[in-house]
Amino acid sequence: MKSVDRKHLAMALSRIPDPPEPETMREQVRTPGDLAADFLLLAQAAGDLEGKNVVDLGAGTGVLGIGALILGARRVVGVEVEPRLVEIAKQVARDTGVSDDYEAITGDVSRLAPCTVTDVLGAGADTVVMNPPFGADRRSRAAGGDRVFLSLAFSLAPCVWSMHLASTEPFLRAYARDAGYGYEAVRTVEFPLPARFAHHKAQRLTKQVVWARFVKSDRS
Ligand code: SAH
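Residues numbered from 1 in each chain as written. Predicted model: local features only at pLDDT ≥ 70, side-chain atom pairs only at ≥ 80, totals over all residues. Heavy atoms only, no water.

1. Details of the packing of aromatic side chains
The tally for this structure, following the rule as stated, stands at eight aromatic pairs. Pairing F154 with Y181 gives two aromatic rings, centres 4.1 Å apart and planes at 20°, and the pair type is stacked. Of the two residues, F154 sits in helix α7 (residues 145-156) while Y181 sits in strand β6 (residues 181-192), which places them 27 residues apart along the sequence. By relative accessible area, F154 is classed as buried at 10%. Aromatic pair F171 and Y175: ring centres 5.3 Å apart, planes at 40°, arrangement tilted. (Phe/Tyr/Trp six-rings, centres within 6.5 Å; stacked < 30°, edge-to-face > 60°. Helix = DSSP H or I, 4+ residues; strand = E, 2+ residues; numbered from the N terminus. Buried < 20%, exposed > 50% of the residue type's maximum accessible area, 1.4 Å probe, protein only.)

Here it is, written out as structure tokens:
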């Protein structure tokens, strides 16, 4: 297994810029470098990254996809609806020295045909990694929240690593079962939310987030 020191990976991923203040009110909660490192190291240890064709849905500034390449993924395509973030992700890939194996495209996960992604990947996807909008605010819930992300992820790959509000676990389990996927809660973490998600000052600015691994049931 490609051995990458956790501390160095976390530092490298922490240097990836935050998304600039969003023009839209789309929910953008970037994964902090240390959490991204832990999430990806777990996926790597499960054998789901090395040598794999990976798709990063809602790529933001690229942290999960670029981290997957650092950990030995074969090729990664990021999909992000905000063109400004796509440009940042591509620049980060160049700065990190992984741009030969990285591509990012502008696209809306709720509308994208799976073949648009696999055409860019040049192969079928093995693994999806994603930190979708949690549906933590009304607008993001109305846009389908993490549901539309899971739907596209399941049509793309037999293995999906994803982050969700821990309170939605019963839904995740049922949704996965109906799609023919097994659900495994790998770890639950405190995920920091930006201050703009607080409704009043005293509100806790972290959420319990579950790191989930979904695997297609007929896969041995
Ligand atoms: N993967 C990054 C960003 C997570 S935030 C990280 O882990 O840091 C979720 C991202 O999904 C945001 O960048 C947001 O712009 C994007 N997004 C939200 N709705 C989307 C949609 N319908 N299609 C594609 N991207 C979307």
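Read on, since the account is not over.
2. Quick word on the packing of helix α5 (residues 114-121) against α7
Axis separation between α5 and α7 bottoms out at 10 Å; the angle between their running directions is 55°. Here α5 is positioned oblique relative to α7, judged by the angle of their axes. The way α5 lies across α7 gives a crossing that is right-handed. Residues P114, V117 and T118 of α5 form the contact with α7, whose own contacting residues are L152, S155 and L156. Residues of the contact of α5 with α7, tallied by class, amount to four nonpolar, two polar and no charged. (Axes fitted to C-alpha atoms, helices over the stretch in contact; angles between N-to-C directions. Parallel < 35°, antiparallel > 145°, perpendicular 65-115°, else oblique. Left-handed = near helix turned anticlockwise from the far one by under 90°. Contact = heavy atoms within 4.5 Å. Nonpolar A, V, L, I, M, F, W, Y, C, P; charged D, E, K, R; others polar.)

3. Thoughts on the nonpolar core
Ranked by size, the top nonpolar core spans 43 residues in total, and within it L13, L40 and Y102 carry the most contacts. Mapped by element, the contributors of at least two residues to this core are α1 (6-14), α2 (33-45), α3 (63-70), α4 (83-96), β3 (102-106), β5 (159-165), β6 and β7 (206-216). With seven residues, α2 is the largest single contributor of residues to this core. Not counting chain neighbours up to four residues away, the residues in contact with Y102 comprise A59, G62, G65, I66, L69, R75, V76, G78, A89, K90 and A93. (Core = buried A, V, L, I, M, F, W, Y, C linked by side-chain atoms within 4.5 Å.)

4. As for the pairing of β3
Inspection of the sheet shows strand β2 (residues 75-80) paired to β3 by five bridges, in the parallel sense. The residue bridging V79 from the neighbouring strand is I105, located in β3. (Pairing = 2+ DSSP bridges.)

5. Quick look at the pattern of salt bridges
Close approach of charged atoms lets side chains of opposite charge pair. Going through the model one piece at a time under the given rule, you end up with seven salt bridges. Across the pair D108 and R111 runs a salt bridge whose closest N-O atoms are separated by 3.7 Å. Measuring nitrogen to oxygen at the nearest pair gives 3.5 Å for the salt bridge that ties R213 to E184. Of this pair, R213 sits in strand β7 while E184 sits in strand β6, and the two are 29 residues apart along the sequence. When salt bridges with common partners are traced through the structure, they connect D48, E184 and R213 into a single cluster. (Salt bridge = Lys/Arg side-chain N within 4 Å of Asp/Glu carboxyl O.)

6. Quick look at the site of the ligand
Neighbouring the ligand are 20 residues; T31, G58, E80, D108 and V109 lie closest to it. A distance of 2.8 Å is found between a nitrogen atom of the ligand and a backbone nitrogen or oxygen belonging to G58. Contact between the ligand and E80: an oxygen atom at 2.7 Å from a side-chain N or O atom of the residue. About the coverage of the ligand: the protein hides 96% of its 570 Å² of free accessible area. Counted by class, the shell around the ligand contains nine nonpolar, six polar and five charged residues. (Near = heavy atom within 4 Å. Polar contact = N/O pair within 3.5 Å; in protein donor to acceptor, adjacent residues only side chain to side chain. Areas by Shrake-Rupley, 256 points an atom, 1.4 Å probe, with all protein chains shown as cover.)

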